[in-house]
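# Summary of structural features
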Amino acid sequence: MTVHLEVAEGVGTLRLDRPPMNALDVATQDRLKELAEEAARREDVRAVVIYGGEKVFAAGADIKEMQAMDHAAMVLRSKALQDSFTAVARIPKPVVAAVTGYALGGGCELALCADYRIAGENAKLGQPEILLGLIPGAGGTQRLSRLIGPSRAKDLIFTGRQVRADEALALGLVDRVVPAGEVYAQAHAWAAKLAQGPAIALRAAKESVDTGLETNIDTGLAVERNWFAGLFATEDRERGMRSFVEEGPGKAKFL
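Residues numbered from 1 in each chain as written. Predicted model: local features only at pLDDT ≥ 70, side-chain atom pairs only at ≥ 80, totals over all residues. Heavy atoms only, no water.

Another point: the pattern of salt bridges. In total, this model carries 13 salt bridges according to the counting rule given. One salt bridge connects Asp25 with Arg18, and the closest N-O pair in it is separated by 3.4 Å. Classification of Asp25 as buried rests on a relative accessible area of 10%. Between Asp62 and Arg18 there is a salt bridge whose closest N-O contact spans 3.1 Å. With Asp62 in the loop between strand S3 (47-51) and helix H2 (63-67) and Arg18 in the loop between strand S2 (11-16) and helix H1 (26-41), this pair connects stretches of sequence that are 44 residues apart. Given the relative accessible area of 16%, Asp62 is considered buried. Judged by its relative accessible area of 24%, Arg18 is partly exposed. (Salt bridge = Lys/Arg side-chain N within 4 Å of Asp/Glu carboxyl O. Buried < 20%, exposed > 50% of the residue type's maximum accessible area, 1.4 Å probe, protein only. Helix = DSSP H or I, 4+ residues; strand = E, 2+ residues; numbered from the N terminus.)

For the rest of this paragraph, the subject is the nonpolar core. One broad rule of soluble globular proteins: the nonpolar side chains tend to lie buried together. Counting 45 residues, the largest nonpolar core has Leu14, Phe57, Val99, Leu110, Leu125, Leu144 and Leu173 as its most contacted members. In terms of residue count, the dominant contributor to this core is helix H3 (residues 71-89) (five residues). Not counting residues up to four positions away in its chain, the partners in contact with Leu173 are Cys108, Leu112, Arg117, Leu125, Leu144, Leu147, Ile148, Leu156, Val163 and Ala168. Formed by 14 residues, the second largest nonpolar core is a distinct cluster that contains Ile118, Val178, Trp190 and Ala195. (Core = buried A, V, L, I, M, F, W, Y, C linked by side-chain atoms within 4.5 Å. Contact = heavy atoms within 4.5 Å.)

Here we take up the sheet that holds strand S7 (residues 124-126). Pairing in this open sheet of three strands is mixed, and the strands run S5-S7-S8 from one edge to the other. Each end of this open sheet is capped by a strand with a single partner; those strands are strand S5 (102-104) and strand S8 (162-164). Strand-to-strand twist of the sheet, defined as the mean angle between neighbouring strand axes without regard to direction, takes the value 20°. (Pairing = 2+ DSSP bridges. Axes fitted to C-alpha atoms, helices over the stretch in contact; angles between N-to-C directions.)

Moving on to the packing of helix H9 (residues 199-214) against helix H10 (residues 217-230). Axis separation between H9 and H10 bottoms out at 8 Å; the angle between their running directions is 170°. As far as their axial angle goes, H10 and H9 are roughly antiparallel. Here Ile200, Arg203, Ala204, Glu207, Ser208, Thr211 and Gly212 of H9 lie close against H10, whose contacting residues are Gly220, Val223, Glu224 and Trp227. Grouping the amino acids of the contact of H9 with H10 by side-chain chemistry returns four nonpolar, four polar and three charged. (Parallel < 35°, antiparallel > 145°, perpendicular 65-115°, else oblique. Nonpolar A, V, L, I, M, F, W, Y, C, P; charged D, E, K, R; others polar.)

A few words on the side chain of Lys93. Note on placement: Lys93 falls in the loop between H3 and strand S4 (95-99). Buried charged residue Lys93 carries no salt bridge. Nearest counter-charge: Asp44, at 6.7 Å. Polar side-chain contacts of Lys93 include one of 3.1 Å to the backbone oxygen of Ala40. Every residue in contact with Lys93, bar those within four places of it in the chain, is listed here: Ala39, Ala40, Arg41, Arg42, Val45, Arg46, Ala47, Asp115 and Lys206. (Lys, Arg positive; Asp, Glu negative; His and termini not counted. Polar contact = N/O pair within 3.5 Å; in protein donor to acceptor, adjacent residues only side chain to side chain.)

Further remarks concern the state of the cysteines. Under the criterion given, the structure shown has zero disulfides. Sulfur of Cys108: no disulfide; nearest cysteine sulfur belongs to Cys113 and is 10 Å away. You can call Cys108 buried: its relative accessible area is 1%. (Disulfide = S-S within 2.5 Å.)

Function cannot be inferred from these measures alone, as they are strictly geometric.
Below is the structure:
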């Protein structure tokens, strides 16, 4: 298998395993979707790390495989390609990408599906599809522009250039840069801390933010309002407020 789901301490690690560069061929895309949906369902998975290993996150699609496809074949495949990445983006739990080495093309698009991105100092990110006479096809034109703004996204997409970790941080493409050897540990620590939080409230927060970015503010406010009121029916809300009153802020322990 080219993708594995490993669970420890409430954290599920979606581990790409297709050496040497974790090229995202059709089989890997389909396996990624399968395991993302499993992570979304499993109660013992409360947060997720996406990781490609110590040397590379994912260098992009399998170009040799794509070269053999004609227009008709890609018309049939492109929806499944997007669906595999969307399955990651819609995991209703906190998701962090642990980016080492190359995260190019589909690899960059996969990192964009996370809620937070921690990159190693050796990371290089980009959307080089234009250099193949293509555009990003797994969400890059949409998620990248929403994350860093349209003009910055167009610069990366139009030129196909790669950016190092420091520039990616300045652009807002990644959220933290750490020594390469610490990437996974820090990503897992971020996820493990949130895995101890109130699961339903975290789901509500993620859905409210993501829906708001995809629609108008009135619809986003309605989603927020409904979740906010609904959380008053949860045990976590009772536990959190009781702890605040009796012990002070930040001391609640959630199941």
